[in-house]
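# Structural overview for review
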Amino acid sequence: MTTGAMLASGALYATPAQAAAAPSVVAKGGYVMNNANGKSLYTKAADTRRSTGSTTKIMTAKVVLAQKNLNLDAKVTIQMAYSDYIVKNNASSARLIVGDKVTVRQLLYGLMLPSGCDAAYALADKFGSGSTRSARVKSFIGKMNSEAKKLGLKNTHFDSFDGIGKGKNYSTPRDLTKIASSAMKSSTFRAIVKTKKYTAKTKTKTGSTRTMAPWTNTNTLLSSYSGTIGVKTGSGPEAKYCLVFAATRGGKTVIGTVLASSSSTQREKDAKKLLSYGFGKI
């Protein structure tokens, strides 16, 4: 091979970052970006709309945390409707007890760690506006869509507060990553999504203190990938297995999303590959 041919092929000048081939992932969609500047590091069907499962709850938390004069210690009384909803939909639950008074902060932990759809319902009911529960929920979902518009997301729409959609709850790997990146600007959100386990102490109807069973974070990356700082799992019959992830190493943060992977273990493998690839490019 002549020197000219080698130069033409780039063989002499391939940097390590260029030489690393983009990883193959099982997930149907994937996206990774440099959180500092929003630069894309990896794309796979990054703008294809898909069902998002409980990764929807990132926006639920973002809307709550964006409320003016938010009091995280304000108490919310758990209604029977939230419990009935969980049973009816066979949904993931924070196992909240009807009649208990739970703080907004605790509800956010119940939302993001065990992925409680009961916590999501309670928050939507609390922070939506209207004279009926259904009106308040509709109002809250409207706020979720307004936030998506503010972020300039054209491939995201919510029709639920928790990801149990009615056919119009979708986003893309790129859009979800942008939502998560924006949510991570909140110190409260950051503290919650990096927590592996949380025990809430709630107030019962009689005024006594109930120590809840600990909530464990469904994001196993927190224990298996060094530097992980969040963010949220999701799953469902249509969504399959999803994961929005973020990690910081050497002062650099990589954030990304995989949608429609084949299992909970596979979405974790996919995310690890993409994180390591992302760190190799920044």
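Please refer to the structure higher up on the page.
## Quick word on unusual backbone geometry
Cis geometry is found at the peptide bond from G230 to V231, where omega equals 20°. Position of V231 relative to the elements: it lies in strand β11 (residues 228-236). Although it is not a glycine, A45 sits at a positive phi angle of roughly 45°. If you trace the backbone, A45 turns up in the loop between β2 (40-44) and β3 (50-51).

## Focus on the sheet that holds β2
Within the open sheet, the five strands sit side by side as β2-β1-β13-β12-β11. Their pairing is antiparallel. Only two strands of the sheet have a single partner each, and these edge strands are β2 and β11. Neighbouring strand axes in the sheet, compared pairwise and without regard to direction, differ in orientation by 5° on average. Bridge analysis of strand β12 (residues 240-249) against strand β13 (residues 252-261) gives eight bridges, and the strand direction is antiparallel.

## Overview of the layout of surface pockets
One number sums up the size of the largest pocket: a volume of about 490 Å³. In terms of lining, the largest pocket is formed by 30 residues, of which the most central are G53, G163, S235, G236 and P237. Mapped by element, the contributors of at least two residues to the lining of the largest pocket are β3 and β11. With five residues, β11 is the single largest residue contributor to the lining of the largest pocket. Taken together, the residues that form the lining of the largest pocket break down as seven nonpolar, 16 polar and seven charged. Counted as a void, the second largest pocket has a volume near 180 Å³. The set of elements that each furnish at least two residues to the lining of the second largest pocket consists of α4 (80-89) and α7 (133-150). For the lining of the second largest pocket, the element with the highest residue contribution is α4, accounting for three residues. Grouping the amino acids of the lining of the second largest pocket by side-chain chemistry returns five nonpolar, two polar and four charged.

## A word on the pattern of salt bridges
Close approach of charged atoms allows side chains of opposite charge to pair. Tallying each qualifying case throughout the model produces eight salt bridges. Here D73 and R105 are joined by a salt bridge, their closest N and O atoms 3.5 Å apart. Of this pair, D73 sits in the loop between α3 (57-65) and β4 (75-77) while R105 sits in helix α5 (residues 104-112), and the two are 32 residues apart along the sequence. Owing to a relative accessible area of 47%, D73 belongs among the partly exposed residues under this scheme. Beyond isolated ion pairs, a larger network of salt bridges with shared partners links K62, E147 and K150.

Conventions we followed
- Just so you know, the residues in each chain are numbered from 1, in the order the chain's sequence is written.
- Selection of residues for local features in this predicted model requires a pLDDT of at least 70, selection of side-chain atom pairs for listing and counting requires 80 or more, and totals for whole chains, interfaces and linings are taken over all residues.
- The side-chain numbers reported here are obtained from all heavy atoms of the structure, hydrogens and water having been left aside.
- Each helix corresponds to a stretch of at least 4 residues labelled H or I by DSSP, and each strand to a stretch of at least 2 residues labelled E; elements are numbered beginning at the N terminus.
- At least two bridges found by DSSP between two strands are what make those strands a pair.
- Between N-to-C directions, angles span 0 to 180 degrees; the directions come from axes that are lines fitted to C-alpha atoms, helices contributing only their stretch in contact.
- Definitions used throughout: a 1 Å grid over protein atoms alone; a cavity as a set of points that fits a 1.4 Å probe which cannot get out; a pocket as an open set with protein on both sides within 12 Å along at least five of seven lines; a lining residue as one with an atom within 4 Å of a point.
- Grid points are joined across faces, edges and corners, and a volume is the space filled by probe spheres set on the points.
- Note on residue classes: Ala, Val, Leu, Ile, Met, Phe, Trp, Tyr, Cys and Pro are nonpolar, Asp, Glu, Lys and Arg are charged, and everything else, Gly too, is polar.
- Every case where a carboxyl oxygen of Asp or Glu lies within 4 Å of a side-chain nitrogen of Lys or Arg is listed as a salt bridge.
- Each residue is placed in one exposure class: buried if its accessible area under a 1.4 Å probe, protein chains only, is under 20% of its type's maximum, exposed if it is over 50%, and partly exposed if it falls in between.

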